[in-house]
Every structure is written in C-alpha cells, then in structure tokens.
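Coordinates in review
Chain by chain, the residues:
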Amino acid sequence: MTDAFFTCRKNVLLAKSPSTQIEGVFAATRGRSAPEEQEALLQQWLEEGAGNLPASESVPSVGKIPVTFTSDWFEGSDLLMTSLSDLNASPEVTRCADQELSDLNALDSSELQDHAVAELSKLPAEETVAVAGSGPWAAVVPQTHHQVAGCAGINVEVLNDDPAVLAWSLARDAETVPPELPAQPVQGAVPFYPVPAEVPYHEILWRDWEDLSVQPCVLEQVSKNTPLFEFRVMSYNILAQDLVEQGLDLYVHCHPDILNWNYRLPNLLQEIQHWDPDVLCLQEVQENHYWEQLEPTFKEMGFACFYKRRTGTKTDGCAVCYKQSRFQLISLSPIEYFRPGLDVLNRDNVGLVLLLQPVLPEGLDPKAVSPLCVANTHVLFNPRRGDIKLAQVALLLAEIDKMARTTEGSYCPVILCGDLNSVPDSPLYKFIRNGELSYHGMPAWKVSGQEDFSQQLYSRKLLAPLWPSSLGVTDKCQYVNLCQPKKLGRREYSRDFLLQFRFCDIACERPPELVLLEGVTDAKPVASAREHSAVTAVPKRHHSLSFLGKWWLFVCRCSGIIQHGLNLTSVYSHFLPQRGRPEVTTMPMGLGATVDYIFYSAEPVENRGGRRLYKDGALKLLGRLSLLSEDVLLMANGLPNPFCSSDHLCLLASFGLEISSL
C-alpha cells in the first residue's frame with residue numbers, strides 16, 4: 001500500500017522536476033511510513049493525485065497505474081524553462097483532471113487498496129534504488145523511451161513569467177534521510193541531494209533589496225538639496241562553459257540539463273535584464289559566446305561593450321558594459337598581468353579599466369559631475385600563490401591610479417569590481433581596503449585566506465621586494481614615470497642631500513653588525529668604466545657616500561610594505577546579522593565563500609586597530625542587493641541550480657554621484 005501512495009505522489013510531481021530527482025526521492029523514502037503516515041498519505045494521494053490515471057482505464061484496473069509514462073511531453077531543461085501557465089493549460093492535464101477525478105475518489109475503498117498492493121508488488125526490480133552510505137543520493141537514470149510528465153495534474157500559482165522564476169524543483173529536508181543506507185551505489189546513477197517537498201527556487205533564493213539611502217550622510221545630502229546622479233553597478237562571474245566542461249567533477253550535484261549553455265544563457269540574460277544595471281562587469285566570459293551571443297544582445301539592450309580575453313590558451317576573459325544613455329567613454333585601458341620571465345607575474349589573468357563621463361540631462365553642465373573610473377578583473381585562483389595575486393592587484397591599482405588621477409593630484413571616484421579569489425579579512429582584502437600591507441615573510445597561501453596550508457613542512461614565503469624595479473611599479477602601486485613630484489621643501493635622500501654629510505665621521509665607518517652584500521653594502525662598490533676615472537680621484541670619504549646611498553636604496557626597496565592611496569571600501573559587510581551567518585558569493589564543492597566584491601571610493605575617518613573606517617564622500621552608496629548564506633544555498637542544492645545558472649551570485653549596488661552645480 002505504501003508503494004501505491006508513493007507511486008501516485010511521484011506521478012503528481014514528475015511534471016515539476018527532472019526525472020532523476022523524482023526517482024531518487026521516492027526510492028529514498030519508500031518503506032518508511034508508519035500506519036498513521038500511511039493514512040495521511042492516502043488523504044494527500046486523493047487530494048493531489050487527480051489526473052494520474054490514464055483515461056482509458058476504468059476504476060477496477062488500479063493495478064495498472066504506471067510508475068513511468070511514455071509521453072514525450074516535456075523533460076529536462078525543456079520542462080524547467082516552460083511556463084507553469086502553459087503546463088496548467090495543457091490539454092492532457094485538463095483531460096485528466098476533468099475525466100478522472102471521480103475515478104480517483106473511488107480508490108478510497110479497502111478492496112481497491114488491497115488490489116493495488118497486489119499489483120504494485122509485481123513492479124520490475126529496476127524501480128528500486130541503492131544509495132551510497134557516505135555520498136549524495138543516487139537515482140536510477142530512466143530509460144530514454146520513458147519520458148516525464150504524462151498526464152500529471154498540476155495546480156500551482158504562477159508568480160512570474162520569467163523562466164528563471166518558473167524553474168521549480170524540490171527543497172531539502174533532513175527528516176526524509178533514512179536511518180540506514182545500503183553500502184553500494186547504483187552504477188550509472190546521477191548523484192544529487194534529494195529533497196522531499198516541492199518548493200520554488202525563487203522563494204528559497206529570495207534576495208532583498210537593501211535601501212541605504214536613509215543613512216545619515218545621504219540624508220544630509222538630500223537636506224542640502226544637492227542633486228545626485230544615480231546609477232547601478234553589477235558584478236557577475238557567469239561561469240564560462242568551457243570551464244564547466246573541463247571541471248565536471250565540480251558539478252556532480254547538478255542535473256546535466258541545467259549545465260547546458262542553451263539553458264544557462266537565457267537565465268543569465270534574464271537575470272541581468274531584470275536588475276537593469278547601468279554598468280555591468282562580467283568575469284569568465286567565453287570569447288566565442290561574447291562575440292556571437294552576449295555582445296549582440298547587450299547592444300540591443302543599449303550597452304556599449306568592451307572585452308579582454310585572457311592571454312595564452314585560455315578561452316574566457318572579462319567584459320565591461322555600460323549604457324550609452326547614461327555614460328560616455330573617456331578612456332579605456334585593458335591590462336595583461338602576464339610578464340615574460342617574472343615568476344610573480346607568469347599567469348594569464350587580465351583586467352579592464354574604463355574612465356566614464358556621466359551623461360546629465362539637458363541644461364546641466366556636463367562637467368558638473370565628476371568622471372567615474374570603473375575597473376573589472378579576475379585574479380588568479382591558485383590558493384598557494386598569494387604572491388601572484390598580490391602582484392596582479394598591485395598592477396591593477398597602478399592602472400587605476402593612472403586613469404583616475406586628476407590634474408590637481410586627487411582621484412575621481414573609483415568602483416572596483418571582480419572575482420578576487422580572496423576571502424574577507426584576508427591580507428589581500430585588507431590591503432585593498434586599508435591601503436597598506438606588510439607582506440615580508442608572509443606565507444603565500446595566507447594572502448588570499450582560501451585554504452589553510454599551515455601544516456605543510458614547506459610553504460612559499462613572500463620576500464621583499466615582491467616584484468623587480470624593472471616592472472616600473474613602485475611600492476605605492478604607482479607607475480614610476482607617473483609618480484607625483486615631491487612637495488617643495490621636503491627633505492630627500494638624494495645625492496645632493498647626502499653630500500652634506502660627506503665629512504661626517506659616521507659616514508666613514510662601516511657598522512660592525514651590517515651584513516656584507518656584494519654590490520650593496522660593501523664599502524667599495526664596483527664602478528662602471530665611465531665613472532672609473534672620476535671615482536679614483538674622489539677622496540676616501542666619498543666611497544662611504546656611495547656606500548650610504550646604496551644602503552638607503554636597498555632599505556627603501558626591501559621594507560616589505562606596499563601601499564596605495566585610493567581609499568576603497570566594500571559595498572557589502574560580508575555578514576548577515578538577521579541570520580547570524582557570513583555572506584556567500586560562491587559555493588565550490590558545497591562550501592560557501594565570499595570571493596566577489598564591489599569596492600568604491602570613500603573618505604577615511606580614522607584607523608581603529610589597523611582597520612580603516614570610512615564615510616561616503618562624493619560617491620554615495622544608496623542600496624545593494626542582499627547576498628545569501630551557505631545554509632540557504634544548501635537548501636537549493638548549491639550553485640549552479642535551475643534558478644541560478646552560475647556558480648557565483650551576482651553583486652548589485654546603487655550609487656549616487658554628487659552634481660556640484662546646476
């Protein structure tokens with residue numbers, strides 16, 4: 001009798017979920033119902049099972065209720081992307097619901113129940129499922145000639161016409177896990193996490209819009225009647241299809257249909273269109289998909305698009321798009337982090353930096369609002385190579401410094417987006433936010449905080465200087481040829497300054513504790529042939545001058561401290577106070593983490609315990625799309641899923657730029 005209840009319940013749900021999920025759910029739950037549960041299931045069967053019997057069968061033929069249907073109405077992604085209103089309007093559903101509701105009501109008799117038990121006991125053996133004890137549930141892959149959703153009756157509320165919103169599936173529930181599990185999995189099975197109750201993904205993964213315009217700094221701006229140029233920025237790692245196919249082991253929890261690019265693309269585009277950003281920063285954009293599908297679509301949506309593919313053999317890259325009705329391009333600078341011959345910059349990651357001018361309504365001076373610098377990047381993933389991550393970020397900051405610096409020496413507002421493959425409060429995160437990092441002697445794995453390799457006997461350590469001077473980037477993340485001139489009157493350790501002390505006694509003595517470094521701290525440096533004649537005529541005390549000058553340069557380059565002056569803070573707080581859990585932007589292998597960020601320019605207030613505090617300046621944060629916690633994503637079977645077609649969540653923020661004068 002229990003099997004009969006599950007069979008009917010299963011047929012009702014088949015039209016709403018991939019077949020492999022249904023098989024696994026009912027195989028896992030079969031045989032666990034107590035008598036009182038059977039009574040409840042019978043009532044549920046009668047309420048929800050309308051329309052599951054073929055119209056050609058009469059009431060006494062209960063034993064012929066099919067477990068699988070032969071109709072090829074919908075299956076896989078076709079079903080997931082189909083509007084529920086279309087399912088409800090199906091002639092097959094209507095026929096079943098109208099013609100056989102009275103037949104199903106007759107199943108309440110005990111005679112028919114006994115007949116159903118006798119007939120269902122003859123079902124073939126392949127309907128049973130064995131499950132591995134330590135892994136996810138395994139469901140038997142149905143035969144290709146047995147399709148899903150025959151004449152199942154569906155009665156659901158259509159909440160939205162979006163295909164992504166209409167992607168229904170089953171929600172996780174720990175109460176249905178059986179107490180004892182067989183030891184051997186089924187060969188050829190599709191693993192997934194079973195869930196017993198039907199819950200729409202859009203309810204599980206609901207994300208609130210957080211209005212931050214009520215902050216004191218914004219209210220003060222409103223009280224002054226100072227207008228703001230408002231715009232939205234989205235950062236999204238959309239998961240390149242080539243990377244999916246190269247790493248299928250990372251997505252064993254996903255039904256194959258939802259990993260198909262033809263399924264994922266409409267979901268991604270609809271999500272972007274729904275949130276309607278003015279500036280769009282994308283990572284992991286596959287090159288052929290960009291030129292053939294994404295760029296044409298974005299142009300139809302009013303975007304101007306720029307793309308930079310990763311160097312080497314990689315097929316994906318970064319893209320920045322902005323609405324031409326809101327911004328005009330001032331300058332563009334693509335960045336390649338790869339530098340031949342440098343171990344610290346030997347990877348193929350890239351970035352893009354744009355300088356945009358906001359478009360104001362007619363009648364307003366275009367110069368009344370500051371330009372906006374937008375940067376987008378995808379930093380190296382390897383958790384063990386924090387030295388490379390740090391060097392890549394330093395190059396990006398140097399490019400931003402060049403692009404955003406004004407003629408007065410200050411900076412225009414900056415927005416930095418990207419997948420930095422570093423967690424909050426990691427050294428790399430603190431460097432971006434606090435503007436300074438002392439890295440000398442730091443284990444390389446510690447820079448990003450992704451994994452803990454402290455138990456390893458040997459680990460790579462960061463040594464100063466992190467990159468050679470030939471790179472042309474200073475320890476303040478500025479290009480050497482663009483460094484700001486020193487203020488007049490500031491004491492410099494130049495040759496002329498050191499010459500003032502050429503007759504000091506201390507200048508003629510070598511410190512006894514000084515380590516001898518050839519060509520750096522030796523008292524008799526090797527002179528070039530051009531300088532040889534001049535050096536031989538210099539008094540002995542001038543050799544000490546050369547020694548002091550070289551030692552000072554060595555100290556400056558080997559301090560092990562890098563800095564930047566952009567004053568950036570994060571849009572997100574990385575913690576959900578209402579749930580008491582950290583925010584999550586991605587979920588590799590079932591473990592949630594935050595690696596995606598939107599940083600923006602702010603005004604520093606004070607340093608408290610090494611952490612810099614900020615307040616909004618000319619660029620104000622007006623709102624943001626809330627993130628989710630790990631436990632919520634687990635309920636939706638992780639990422640990607642039928643609702644979210646990437647293994648990352650999108651980040652979205654609303655900003656306001658001060659308009660200085662009317």
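We now turn to the structure provided with this report. Keep in mind that what you see is a predicted model, and the values were worked out from it rather than measured. (Residues numbered from 1 in each chain as written. Predicted model: local features only at pLDDT ≥ 70, side-chain atom pairs only at ≥ 80, totals over all residues. Heavy atoms only, no water.)

**Looking at the packing of aromatic side chains**
Just so we agree on the cut-off: In this scheme Phe, Tyr and Trp rings, the latter by its six-membered ring, pair at centre separations within 6.5 Å, and the angle between planes marks the pair as stacked below 30 degrees, edge-to-face above 60, and tilted otherwise. Note on classification: 1.4 Å probe, protein chains only; a residue is buried when its accessible area is under 20% of the maximum for its type, exposed when over 50%, partly exposed between these limits. For a Lys NZ or an Arg CZ to count as sitting over a ring, it must be within 6 Å of the ring centre and within 35 degrees of the ring normal.
Overall, the coordinates contain 13 aromatic pairs when judged by the stated rule. Arranged with centres 4.7 Å apart and planes meeting at 80°, the rings of Tyr290 and Trp291 form a pair that is edge-to-face. Judged by relative accessible area, Tyr290 falls into the buried class, the value being 1%. Through a chain of ring-to-ring contacts, the aromatic side chains of Phe229, Phe231, Phe327, Tyr600 and Phe655 assemble into a single cluster. For Arg232, the ring lying beneath its charged end belongs to Trp209, and the centroid distance is 4.6 Å.

**Concerning helix α13 (residues 386–404)**
For clarity, the cut-off: Numbering of helices and strands runs from the N terminus; a helix is a DSSP stretch of H or I covering at least four residues, while a strand is a stretch of E covering at least two. A helix is expected to span 1.5 Å multiplied by its residue count minus one.
The end-to-end C-alpha distance of α13, which contains 19 residues, comes to 26 Å, matching closely the 27 Å that a straight helix rising 1.5 Å per residue would cover. Within α13, 18 of the 19 residues are buried, which leaves it mostly tucked inside the rest of the structure.

**Brief notes about the sheet that holds strand β8 (residues 303–309)**
Rule in force here: DSSP calls a pair of strands paired once it identifies at least 2 bridges connecting them. As a rule, the C-alpha atoms of each element are fitted with a line to give its axis, helices using only the stretch in contact, and angles between N-to-C directions run from 0 to 180 degrees. Should any heavy atoms of two residues lie within 4.5 Å, those residues are counted as being in contact.
The strand order β5-β22-β23-β6-β7-β9-β8 describes an open sheet built from seven strands, whose pairing is mixed. Each edge of the open sheet is held by one strand with a lone partner, namely β5 (209–211) and β8. When the angles between neighbouring strand axes are averaged without regard to direction, this sheet yields 20°. Across eight bridges, strand β6 (residues 228–237) lies against strand β23 (residues 651–658) in antiparallel orientation. Its bridge partner lying in β23, Phe229 is registered against Leu657. Helix α11 (residues 261–275) contacts β6, β7 (279–286), β22 (619–625) and β23 of the sheet and is inclined by roughly 165° relative to β6.

**Observations regarding the pairing of strand β19 (residues 596–601)**
Within β19, six of the six residues are buried, which leaves it mostly tucked inside the rest of the structure. By the alternation rule, side chains of β19 split into Asp596, Ile598 and Tyr600 and Tyr597, Phe599 and Ser601, which are all buried. In this structure, strand β13 (residues 414–419) lies alongside β19, joined through five bridges in antiparallel fashion. For Asp419, the partnering residue across the bridge sits in β19 and is Asp596.

**As for the packing of α13 against helix α14 (residues 427–434)**
To keep it simple, the criterion reads: The cut-offs work like this: below 35 degrees is roughly parallel, past 145 is roughly antiparallel, 65 to 115 is roughly perpendicular, and the gaps in between are oblique. Handedness of a crossing follows from how the near helix is turned relative to the far one, being left-handed for an anticlockwise turn of less than a right angle and right-handed for a clockwise one. Residues are grouped as follows: nonpolar covers Ala, Val, Leu, Ile, Met, Phe, Trp, Tyr, Cys and Pro; charged covers Asp, Glu, Lys and Arg; every other residue, Gly included, is treated as polar.
One can describe the packing of α13 onto α14 by two numbers: an axis separation of 10 Å at closest approach and a directional angle of 20°. What the angle tells us is that α13 and α14 run roughly parallel. The interaxial crossing formed by α13 with α14 has right-handed handedness. Contact with α13, carried on its side by Lys389, Leu390, Val393 and Leu397, involves Leu428, Phe431 and Ile432 of α14 and no other residues of that element. Here the residues of the contact of α13 with α14 are counted per class, giving six nonpolar, no polar and one charged.

**Brief notes about the sheet that holds strand β16 (residues 568–570)**
One open sheet accounts for six strands, arranged β10-β11-β12-β13-β19-β16; its pairing is mixed. The open sheet has two edge strands, β10 (327–336) and β16, and neither has a second partner. Recorded for the sheet is a direction-independent mean angle of 20° between the axes of neighbouring strands. Packed onto the sheet, α13 meets β10, β11 (350–358), β12 (372–378), β13 and β16 and runs at close to 150° relative to β10. Its contacts with the sheet place α14 against β13, β16 and β19, and it is angled at close to 125° to β16.

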